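Structure at a glance
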Amino acid sequence: MIVLETPRLMMRRLEPNDLDSLAALYADPEVRRYFPEGVLTRGETAEEIDWFRNGHPDDPRLGLWATIERASGEFIGRCGLLLWEIEGRREIEIAYLIARTHWRTGLGAEAAHALVTHGFETLGLNRLIALVHPDNIPSAKTAKRAGLYLERPLTLDGMLCHVYAIERQVS
Ligand SMILES: CC(C)(COP(=O)(O)OP(=O)(O)OC[C@H]1O[C@@H](n2cnc3c(N)ncnc32)[C@H](O)[C@@H]1OP(=O)(O)O)[C@@H](O)C(=O)NCCC(=O)NCCS
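The text that follows walks through the structure, step by step, so that each part is easy to find. Everything numeric in this text was worked out from a predicted model, so none of it was measured.

1. Points about the overall build of the protein chain
A tally of helices and strands in the protein chain yields four helices and eight strands. Order of helices (α) and strands (β) in the protein chain, N terminus to C terminus: β-β-α-α-β-β-β-α-β-α-β-β. Here the protein chain holds 171 residues, and the buried ones make up 51% of them. Excluding contacts between residues fewer than 6 apart, the proportion of contacts in the protein chain whose partners are at least 24 apart in sequence is 56%. Carbon and sulfur atoms make up 50% of the accessible area of the protein chain, which amounts to about 9100 Å² in all. Within the protein chain, the 25 negative side-chain charges are centred at a point lying 5 Å from the centre of the 20 positive side-chain charges.

Structure, rendered in structure tokens:
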């Protein structure tokens, strides 16, 4: 099921066939550098695909999606919208992860921008966040490119992160 498209990308629900591609991404220590769990095994990756197979179990409109380069048909990342409960507030995070081979070609910003547009215009959400490790400069820049601003530091599960946020503008 296609969720959204951008000039260069298509995002669709994850499928069992994505296992090889996603496991390769998740096994890359550079790609997983700022994730508290670090690299994931093939088994852990399979569990994640299964978990998000029909969208997020608590809200099928959300979840992590296969991110495909339209020109080549290549699986080049996984992006999506994730649900969090933070300090008693329901929050939705834009999540973006692109293969190292495609870094610094504007695809992260293109994906993040599309996630914001999808969240606000298609799903009618009012606020989106990004949870960024303080040392993850590329992620912070990507969040800013999508219009998010640095809201506050937050300790989440014992780890410091920066909350970036954006609110829907009502005209
Ligand atoms: C974050 C990520 C998606 C960015 O992808 P990308 O395709 O390289 O992003 P873009 O080319 O669109 O660049 C977006 C911004 O980040 C900057 N950037 C990208 N890589 C950078 C790097 N290594 N060092 C400094 N800035 C960097 C770009 O210059 C650009 O900022 P600018 O507009 O101010 O120039 C990618 O680095 C990634 O997948 N990282 C691993 C997963 C991850 O940490 N995800 C975020 C979890 S919170």
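From this point on, the discussion continues.
2. Looking at the nonpolar core
By size, the foremost hydrophobic cluster in this structure holds 31 residues, and its most contacted members are Leu 81, Ile 94, Leu 128 and Leu 148. Among the elements that take part in this core, helix α3 (residues 107-122) stands out by supplying seven residues, more than any other. Filtering out sequence-adjacent residues up to four positions away, Leu 81 remains in contact with Leu 62, Gly 63, Trp 65, Ile 92, Glu 93, Ile 94, Leu 115, His 118, Gly 119, Leu 123 and Leu 128. Counting residues in hydrophobic clusters, the runner-up holds 19 residues, among them Met 10, Phe 52, Phe 75 and Ala 99.

3. Considering α3
In this model α3 runs 21 Å from its N-terminal to its C-terminal C-alpha over 16 residues, within 8% of the 22 Å that 1.5 Å per residue would give. With respect to burial, α3 is a largely interior element, twelve of its 16 residues being buried.

4. Looking at the site of the ligand
Ile 98, Arg 104, Gly 106, Ala 109 and Arg 145 are the nearest of the 20 residues found near the ligand. Contacts to the ligand include Asn 136, whose side-chain N or O atom sits 2.9 Å from an oxygen atom. Those elements giving two or more residues to the shell around the ligand turn out to be β5 (89-98), α3 and α4 (137-145). Among the elements that line the shell around the ligand, the one with the most residues is α4, at five residues. When the residues that make up the shell around the ligand are grouped by side-chain class, the tally is ten nonpolar, seven polar and three charged.

5. Concerning the packing of aromatic side chains
For the structure shown, the criterion picks out zero aromatic pairs. The ring of Tyr 26 has Arg 32 lying over it, and the distance from NZ or CZ to the ring centre is 4.7 Å.

6. Structural notes on the environment of His 56
Tracing the chain through its elements places His 56 in the loop between α2 (42-51) and β3 (63-69). For the pair His 56 and Leu 81, spaced 25 residues apart in sequence, the C-alpha separation works out to 8.7 Å. Ignoring sequence-local partners within four residues, the contact set of His 56 consists of Leu 62, Gly 63 and Leu 83. Here Asp 58 takes part through its backbone nitrogen, which lies 3.0 Å from a polar atom of the side chain of His 56.

7. With respect to the pattern of salt bridges
Per the stated rule, a full pass over the model turns up 15 salt bridges. The salt bridge involving Arg 70 is made with Glu 5; its shortest N-O contact spans 4.0 Å. Within this pair, whereas Arg 70 is found in the loop between β3 and β4 (75-86), its partner Glu 5 is found in strand β1 (residues 2-5), the two being separated by 65 residues in sequence. Between Arg 8 and Glu 110 there is a salt bridge, and its shortest N-O distance comes to 2.8 Å. Separated by 102 residues along the polypeptide, Arg 8 in the loop between β1 and β2 (9-13) and Glu 110 in helix α3 bring together distant segments of the chain. Looking at Arg 8, the relative accessible area reads 34%, which means it is partly exposed. Classification of Glu 110 as buried rests on a relative accessible area of 15%.

The rules behind the values
Every residue gets a number counted from 1 within its own chain, in the order that chain's sequence is written. In keeping with the model being predicted, local features are shown solely for residues with a pLDDT of at least 70 and side-chain atom pairs are shown and tallied solely at 80 or more, while totals for entire chains, interfaces and linings include all residues. Computation of side-chain values covers all heavy atoms of the structure but excludes hydrogens and water. Secondary structure counts use DSSP, requiring at least four H or I residues in a row for a helix and at least two E residues in a row for a strand, with both numbered from the N terminus. The cut-offs for exposure are 20% and 50% of the maximum accessible area for each residue type, with area from a 1.4 Å probe on protein chains only; residues under the lower value are buried, those over the upper are exposed, and the others partly exposed. Whether two residues are in contact is decided by their heavy atoms: any pair within 4.5 Å suffices. Shrake-Rupley sampling with a 1.4 Å probe provides the accessible areas, and residues are treated as covered by the protein chains on show and by no other component. Positive charges are assigned to Lys and Arg, negative charges to Asp and Glu, while His and the chain termini are left out of the count. By convention, the point assigned to a charge is CZ for Arg, NZ for Lys, CD for Glu and CG for Asp. For this analysis, a nonpolar core means a set of buried residues of the types Ala, Val, Leu, Ile, Met, Phe, Trp, Tyr and Cys, connected via side-chain atoms within 4.5 Å. Between the first and last residue of a helix there are one fewer steps than residues, each counted as 1.5 Å, and that sum is the expected span. Nearness is defined per residue: one heavy atom within 4 Å of the molecule or strand is enough. Any pair of nitrogen or oxygen atoms within 3.5 Å is treated as a polar contact; in protein, a donor-acceptor pairing is required on top of that, and neighbouring residues in sequence qualify only through side-chain atoms on both sides. Residues are grouped as follows: Ala, Val, Leu, Ile, Met, Phe, Trp, Tyr, Cys and Pro are nonpolar; Asp, Glu, Lys and Arg are charged; all remaining types, including Gly, are polar. Classification of ring pairs uses Phe, Tyr and Trp, with its six-membered ring standing for Trp, and accepts pairs whose centres are within 6.5 Å; under 30 degrees between planes counts as stacked, over 60 as edge-to-face, and the remaining range as tilted. By definition, being over a ring means that NZ of Lys or CZ of Arg is both within 6 Å of the ring centre and within 35 degrees of the ring normal. Salt bridges are counted wherever a side-chain nitrogen of Lys or Arg sits within 4 Å of a carboxyl oxygen of Asp or Glu.

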